[in-house]
Amino acid sequence: MKITNVRTRVFEWKGHTVPPQAHFCSNAMDELWDRGDSMGTFRFHGWTTVEVETDSGIVGLGNVALAPRIAKAIIDQYLTPLVVGQDPFDYEYLWQRMYRSTHAWGRKGIGMAAISGVDIAIWDVMGKALGKPVFKLLGGRTKEKIPCYASKLYRTDLNEMQREAQSYLDQGFKAMKMRFGYGPKDGPQGVRENLNSVAAVREVIGEDIDLMLECYMGWNLEYAKRILPKLERFQPRWLEEPVLADDIDGYAELNKLTSIPISGGEHEFTHYGFRQLLEQRAVSVVQYDTNRVGGITAARKVNAIAEAFSVPVIPHAGQMHNYHLTMSSLASPMSEFFPVHDVEIGNELFYYLFKGDPEPINGFLDLDDDVPGLGLELNEQYFDQFNIIE
Ligand SMILES: O=C(O)[C@H](O)[C@H](O)[C@@H](O)CO
Ligand SMILES: [Mg+2]
């Protein structure tokens, strides 16, 4: 079998979106004086699809969510020439070819996200060619079904957050993640706002439901050191991305500071990046996203390293390209799940673009042993809601 072409398309959402709200989610832009719509650069309202075509007629489907137009340009100009004419089953060789040839600028960030999109499509081709789901090529079914946590609860009115948390309980979720809305610039009042939001959610869900806390790189080391001891009473499952992704020493200091596990990784890349995080004991939960970290070829290597360090892997985003890694590894105990709703931050856009993702039942997801490849298709039902760039 040979790869004959790689077709990339950028889908930019033009449908209804929920208007931005202040203090929606603390984030890396908050420290800058221009507080405007600080979450603006982290809205995912576009997506790149990657279709690897082969001489057998099989087409593999991958995706990239970061900087979609740049990802498309990188794939079209640099990666496609490296994989066309090649056997998709030589996936390690092809990954190394893409990684090494773009090493000067592509080993992290959008370069590696573009490589991830091609690699995911290649694994979809292999699964389809063998008539097996991708997880069966990775390690098979390690779980009867995958526990997942509901992930939304962006900072809004506390009564609204309590109603949302209750809705996840009513759906049978045993775990959920909420977002902070305040950080260092908001001073002691912001600390109180943050603590009050956690107290409000804990009041609804009680002590027997796992609660994760998301900072999305919006704090700094000094602020996190002050607030972490105040959060211990809420016994969070983890505190996520308290500092910038480059502050690995800060992660490591916080991870030792209190009983609260520190998680991160959705902005880290390749098995080399995670080797550093794990050797420095910087995270207690690994959260790569397979469409960023280097695709399935790199993600499976991170799973193995994390397993050796006894650090659980709970990939960012759920979504099918991550579910197959979680299903196939004992190092990965559960998945994130973004509830389906009106387009807001954009994580939920995945459901408008693709179909095939499993729906959670009582807080669990399952994959089908008999659906070859990733089990994803493009959801043409919403194509008219997108500007599509070929
Ligand atoms: O962990 C997450 O789900 C990510 O950080 C979200 O995608 C981001 O939107 C911030 O919540
Ligand atoms: Mg996160």
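Residues numbered from 1 in each chain as written. Chains lettered and ligands numbered in written order. Predicted model: local features only at pLDDT ≥ 70, side-chain atom pairs only at ≥ 80, totals over all residues. Heavy atoms only, no water.

Here we look at the overall build of the protein
Move 1: If you tally the helices and strands in the protein, you get 14 helices and 14 strands.
Move 2: Taken along its principal axes, the extent of the C-alpha atoms in the protein is 60 × 45 × 45 Å.
Move 3: Split into buried and exposed, the 390 residues of the protein put 59% on the buried side.
Move 4: Of the contacts made within the protein by residues no fewer than 6 positions apart, 73% connect residues no fewer than 24 positions apart.
Move 5: Put simply, the protein shows about 15,100 Å² of open surface, and 50% of that area lies on carbon and sulfur atoms.
Move 6: Here the protein contributes 39 positive and 53 negative side-chain charges, whose respective centroids are spaced 3 Å apart. (Helix = DSSP H or I, 4+ residues; strand = E, 2+ residues; numbered from the N terminus. Buried < 20%, exposed > 50% of the residue type's maximum accessible area, 1.4 Å probe, protein only. Contact = heavy atoms within 4.5 Å. Areas by Shrake-Rupley, 256 points an atom, 1.4 Å probe, with all protein chains shown as cover. Lys, Arg positive; Asp, Glu negative; His and termini not counted. Charge placed at Lys NZ, Arg CZ, Asp CG, Glu CD.)

Some thoughts on the domain arrangement of the protein
Move 1: As far as domains go, the protein holds domain 1 (3-131) and domain 2 (137-379).
Move 2: When domain 1 packs against domain 2, close to 4,600 Å² is buried across both sides, 63% of that on carbon and sulfur atoms.
Move 3: When the area that domain 1 buries against domain 2 is broken down by residue, the three leading residues are F24, W47 and W123, summing to 15%.
Move 4: Here domain 1 and domain 2 share two salt bridges between them.
Move 5: Residues K108 and E268 are paired through a salt bridge, measuring 2.4 Å at the closest nitrogen-oxygen approach.
Move 6: Linking domain 1 with domain 2 are 23 residue pairs in polar contact (both at pLDDT 80 or more), by the criterion used here.
Move 7: Put simply, the parts of the chain that give the side of domain 1 that touches domain 2 at least two residues each are β1 (3-13), β2 (46-54), β3 (59-64), α2 (91-101) and α4 (110-130).
Move 8: The dominant element in the side of domain 1 that touches domain 2, judged by the number of residues it contributes, is α4, at eleven residues.
Move 9: In terms of residue class, the side of domain 1 that touches domain 2 is built from 25 nonpolar, 15 polar and twelve charged. (Domains from an automatic or database assignment. Buried area = accessible area lost by both parts, 1.4 Å probe. Salt bridge = Lys/Arg side-chain N within 4 Å of Asp/Glu carboxyl O. Polar contact = N/O pair within 3.5 Å; in protein donor to acceptor, adjacent residues only side chain to side chain. Nonpolar A, V, L, I, M, F, W, Y, C, P; charged D, E, K, R; others polar.)

Quick word on the coordination of the magnesium ion (ligand 2)
Move 1: Taken together, E214 (OE), E240 (OE) and E266 (OE) make up the protein donors of the magnesium ion (ligand 2), found 1.9 to 2.0 Å from the metal.
Move 2: For the magnesium ion (ligand 2), the single-chain donor residues occur in sequence as E-x25-E-x25-E. Here E266 lies in the loop between β8 (262-264) and α10 (270-279) and E214 lies in strand β6 (residues 210-214), a separation of 52 residues in the sequence.
Move 3: Taking relative accessible area as the criterion, E266 reaches 2% and is therefore assigned buried. (Donors = N, O, S within 2.8 Å, 3.2 Å for Na, K, Ca; no water.)

Here's the deal with the UniProt feature "domain: Mandelate racemase/muconate lactonizing enzyme C-terminal" (unreviewed entry) in the protein
Move 1: Taken from the UniProt record, the annotation "domain: Mandelate racemase/muconate lactonizing enzyme C-terminal" (unreviewed entry) applies to residues 158-261.
Move 2: Regarding residues 158-261, the helix share stands at 51% and the strand share at 12%, and the terminal C-alpha atoms are separated by 25 Å. (UniProt positions renumbered as here; feature names shortened; annotations may be inferred.)

Observations regarding the packing of helix α7 (residues 187-205) against helix α8 (residues 221-231)
Packed helices, taken two at a time, are described by the angle their axes make and the gap between the axes.
Move 1: Here α7 crosses α8 at 35°, and the two axes come no closer than 11 Å. As α7 packs across α8, the resulting crossing turns out to be right-handed. In contact with G190, V191, N194, L195 and V198 of α7, α8 contributes Y223, I227, K230 and L231.
Move 2: Broken down by class, the residue content of the contact of α7 with α8 amounts to six nonpolar, two polar and one charged. (Axes fitted to C-alpha atoms, helices over the stretch in contact; angles between N-to-C directions. Left-handed = near helix turned anticlockwise from the far one by under 90°.)

Re the pairing of strand β4 (residues 146-151)
Move 1: Buried residues dominate β4, accounting for five of its six residues.
Move 2: Sheet topology places β4 next to strand β12 (residues 364-365); two bridges connect them, and they run antiparallel. From the neighbouring strand, I146 faces β12, where its bridge partner is L365.
Move 3: Inspection of the sheet shows β4 paired to strand β10 (residues 335-337) by three bridges, in the parallel sense. For C148, the partnering residue across the bridge sits in β10 and is S335.
Move 4: Strand direction decides the pairing type here: β4 and strand β5 (residues 175-179), joined by two bridges, are parallel. Residue S151 lies in a different strand from β5, and its bridge partner there is K177. (Pairing = 2+ DSSP bridges.)

With respect to the pairing of β2
Move 1: Burial analysis of β2 places eight of its nine residues in the buried class, which makes it a mostly covered element.
Move 2: Direction of pairing for β1 relative to β2: antiparallel, over a ladder of nine bridges. Bridged to N5 within β2 is E53.
Move 3: In this sheet, β3 lies alongside β2 in antiparallel orientation, the contact comprising six bridges. Each bridged residue has a counterpart across the sheet, and for E53 the counterpart in β3 is V59.

A look at the site of ligand 1
Move 1: Near ligand 1 lie 13 residues; those nearest to it are K177, R179, E214, E240 and E336.
Move 2: With respect to ligand 1, the side chain of K177 contributes an N or O atom lying 2.7 Å from an oxygen atom.
Move 3: Protein coverage of the free-state accessible area of ligand 1, which is 300 Å², stands at 100%.
Move 4: Split by residue class, the shell around ligand 1 holds four nonpolar, three polar and six charged. (Near = heavy atom within 4 Å.)

Section: the sheet that holds β2
Move 1: Sheet architecture is open: four strands sit in the order β3-β2-β1-β14, paired in antiparallel fashion. The open sheet is flanked by β3 and β14 (386-389), the only strands paired with a single partner. Mean inter-strand twist for the sheet, computed between neighbouring axes without regard to direction, equals 25°.

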